[in-house]
Amino acid sequence: MDVDFALIGHQESWRAAADVLAVLRGPERTPLPDDEIRDILPWIPPRAVCHVEVSSIEDAKARGLYIDSFIPPDRLEAAYVHENIARVRAAAACAINAGAKIVSLGGFSSILIEGNFDQLPERHDTVFTTGNTLTVGFIVQGIKKMCELEGRNLRRSTLLIVGATGDVGSGCARCLAPLVKQVLLSARNAERLGRLAKELQAAGVQVEIATDTQRYSAEAGVVICAASLASPSFLLGRVAPDAIICDAGYPKNLSPNAQMHGAKIFFGGLGQVTGALKFAPDFHGILNRHPFPDVIHGCLLEGMALALEGRFEPFSQGRGFITEARVHEMVAIAARHGIYLAPLYNSDGPVESGLHCETECLSRRPSPDPLECGAVFATTTPAVSLRTLD
């Protein structure tokens, strides 16, 4: 079949990896014990695990593949970087050999490549995108939506971005810095922090930088966690007791031990397909493990949206290229095809008390700012608790 797009990803937990293997093995086979899964997974080469078809509200359709790089969930640390780059290269080769026109790099796939697409195999007519521009768009929309739900004035808020020098973190800084009172930037690399701070200060933004979140002079009322962490291990410091916190990491950033009593936490960077989404074999609820239907990470949705638009181009190319104008453009492309901000939720379930937030299609409801979240309306979706993943 013609392959318009390919999605390269990996599973963030052993439970998710076990579920993927169970579908591939078939329902007639007894599930593998956990210890065997941990032994087997590192030996599985990257491969396409299912076909994906997405339909637009504009009647466009695109066909693609989901390719799992089978990076073991406990091997995301720096010690395995060369092994994991080799896996991403092999997954990219699968996409190229299948004839995919555009490929989205999900999760650590884009972090490992760092926008250096020259590390990938010879590409012929295939283009790659990190997908981070649409991820930033959904994070920004999510922050604005949570502020609306909580009755917060974003312009009076102090914003903390953890992982600020990464592609997603710096993109969020450029979009949100003009809208807040003060920006606190945190990352491991002090030199990159200084460069980003100077860029924002030149635009009149009040900025503080630190590699330790305990060292800021002010408490943050709005927080974005977008660091490249191998596991949920981050403990926040110096944040307001009732802070709005967006955990946009994959894997998640916030440690289960983080003392966040009173904070309003949601998982960011997620979008929802409101046209139609089909997997063959059926991986619904496994590749997209969310309490709402057809919710997918923005990095993967970007490739799908571009395929529906017929724009086979490397829209997101690596650290530092995400601007507010590019985010507006990408969000508008996605909205044209019915791909909107997903309903907000966290590990306890939906955070909107049964309300479903959807950005209406721009052609139906013109808006001067595609990053503004659209209508809020009641649905019958019950509150769903996520099961704990290993």
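Refer to the structure presented above.
About the thresholds
- Residues numbered from 1 in each chain as written.
- Predicted model: local features only at pLDDT ≥ 70, side-chain atom pairs only at ≥ 80, totals over all residues.
- Heavy atoms only, no water.
- Helix = DSSP H or I, 4+ residues; strand = E, 2+ residues; numbered from the N terminus.
- Rg over C-alpha atoms; globule rule 2.2 N^0.38 Å.
- Buried < 20%, exposed > 50% of the residue type's maximum accessible area, 1.4 Å probe, protein only.
- Contact = heavy atoms within 4.5 Å.
- Lys, Arg positive; Asp, Glu negative; His and termini not counted.
- Charge placed at Lys NZ, Arg CZ, Asp CG, Glu CD.
- Expected span 1.5 Å × (residues − 1).
- Pairing = 2+ DSSP bridges.
- Axes fitted to C-alpha atoms, helices over the stretch in contact; angles between N-to-C directions.
- Salt bridge = Lys/Arg side-chain N within 4 Å of Asp/Glu carboxyl O.
- Parallel < 35°, antiparallel > 145°, perpendicular 65-115°, else oblique.
- Left-handed = near helix turned anticlockwise from the far one by under 90°.

Asker: Looking at this model, I keep getting lost on the overall build of the chain. Mind explaining?
Answerer: Helix and strand counts for the chain come out as nine helices and 19 strands. Compactness check: the chain gives a C-alpha radius of gyration of 20 Å against a globular reference of 21 Å for 390 residues, within 12% of the reference. Structurally, the chain occupies a C-alpha span of about 55 × 50 × 45 Å along its principal axes. Per-residue burial for the chain yields a buried fraction of 57% across its 390 residues. Restricting to contacts in the chain with at least 6 residues of sequence separation, those with at least 24 account for 69%. Each charge class in the chain can be summarised by its mean position, and for the 36 positive and 44 negative side chains these summaries are 3 Å apart.

Asker: Which parts of the structure should I look at to understand helix α1 (residues 14-25)?
Answerer: Residues spaced three or four apart along an α-helix face the same direction, because each turn holds 3.6 residues. The end-to-end C-alpha distance of α1, which contains 12 residues, comes to 16 Å, matching closely the 16 Å that a straight helix rising 1.5 Å per residue would cover. For α1, the complete set of buried residues consists of Trp14, Ala16, Ala17, Ala18, Asp19, Val20 and Leu21. In this structure, the buried side of α1 is in contact with α2 (34-40). Phi turns positive one or two residues past the end of α1, at Gly26, with a value near 100 degrees.

Asker: Where do I start with the sheet that holds strand β12 (residues 270-273) in this structure?
Answerer: Whether parallel or antiparallel, the strands of a sheet pair through hydrogen bonds between backbone atoms. Read from one edge of the open sheet, three strands run β14-β12-β15, paired in antiparallel fashion. In this open sheet, the two edge strands, each paired with only one partner strand, are β14 (295-297) and β15 (339-341). Neighbour-to-neighbour, the strand axes of the sheet open up by a mean angle of 40 degrees, direction not taken into account. Looking at chain direction, β12 and β14 are connected through three bridges and run antiparallel. Paired with Gln272 across the strands is Val295, a residue of β14. Sitting on the sheet, helix α5 (residues 132-150) is in contact with β12 and β15, with an inclination near 45 degrees to β15.

Asker: Just checking my understanding: could you explain the pairing of strand β9 (residues 220-225) for this structure?
Answerer: Each regular strand carries side chains that alternate between the two faces of the sheet. Among the six residues in β9, six count as buried, and that is most of the element. In terms of strand pairing, strand β6 (residues 158-162) meets β9 through four bridges, oriented parallel. Each bridged residue has a counterpart across the sheet, and for Leu159 the counterpart in β9 is Val222. Note: β9 against strand β10 (residues 239-247), five bridges, orientation parallel. Bridge assignment links Val222 to a residue of β10, and that residue is Ile244.

Asker: Is there a simple way to explain the sheet that holds strand β2 (residues 47-55) in this structure?
Answerer: Spatially, six strands are ordered β5-β4-β1-β3-β2-β13 in an open sheet, and the strand pairing comes out mixed. Strand pairing shows two members of the sheet lacking a second neighbour, β5 (127-129) and β13 (276-280), which therefore form its edges. Ignoring strand direction, the axes of neighbouring strands in this sheet form an average angle of 25 degrees. Pairing between strand β1 (residues 5-9) and strand β3 (residues 61-68): five bridges, direction parallel. Looking across to β3, one finds that Ala6 is bridged to Leu65.

Asker: Honestly, the pattern of salt bridges in this entry has me stumped. Any pointers?
Answerer: Proximity of charged atoms lets side chains of opposite charge pair with each other. Throughout the structure, instances matching the rule amount to 13 salt bridges. We note a salt bridge from Arg195 to Glu191, for which the minimum N-O separation is 3.2 Å. A residue pair is termed a helical-turn pair when its members lie 3 or 4 positions apart in one helix, as Arg195 and Glu191 do in helix α7 (residues 190-201) at four residues. Classification of Arg195 by relative accessible area gives partly exposed; the value is 49%. Residue Glu191 is classed as exposed on the basis of its relative accessible area of 58%.

Asker: Would you take a moment to explain the packing of α5 against helix α8 (residues 298-309) for this structure?
Answerer: Think of two packed helices as two axes; the pair is described by the angle between the axes and how far apart they sit. Running from N to C, α5 and α8 cross one another at 120 degrees; their axes reach a closest spacing of 7 Å. Classed by the angle they form, the pair α5 and α8 counts as oblique. Both α5 and α8 take part in a crossing whose hand is right-handed. Across the interface between the two elements, Asn132, Thr133, Leu134, Thr135 and Phe138 of α5 pack against Gly298, Cys299, Leu301 and Glu302 of α8.

Asker: How do you make sense of the side chain of His10 when you look at a structure like this?
Answerer: Structurally, His10 can be placed in the loop between β1 and α1. In contact with His10, not counting residues within four places along its chain, are Tyr66, Asp68, Ser69, Ile71, Leu76, Gly106, Gly107, Phe108, Ser109 and Tyr250.

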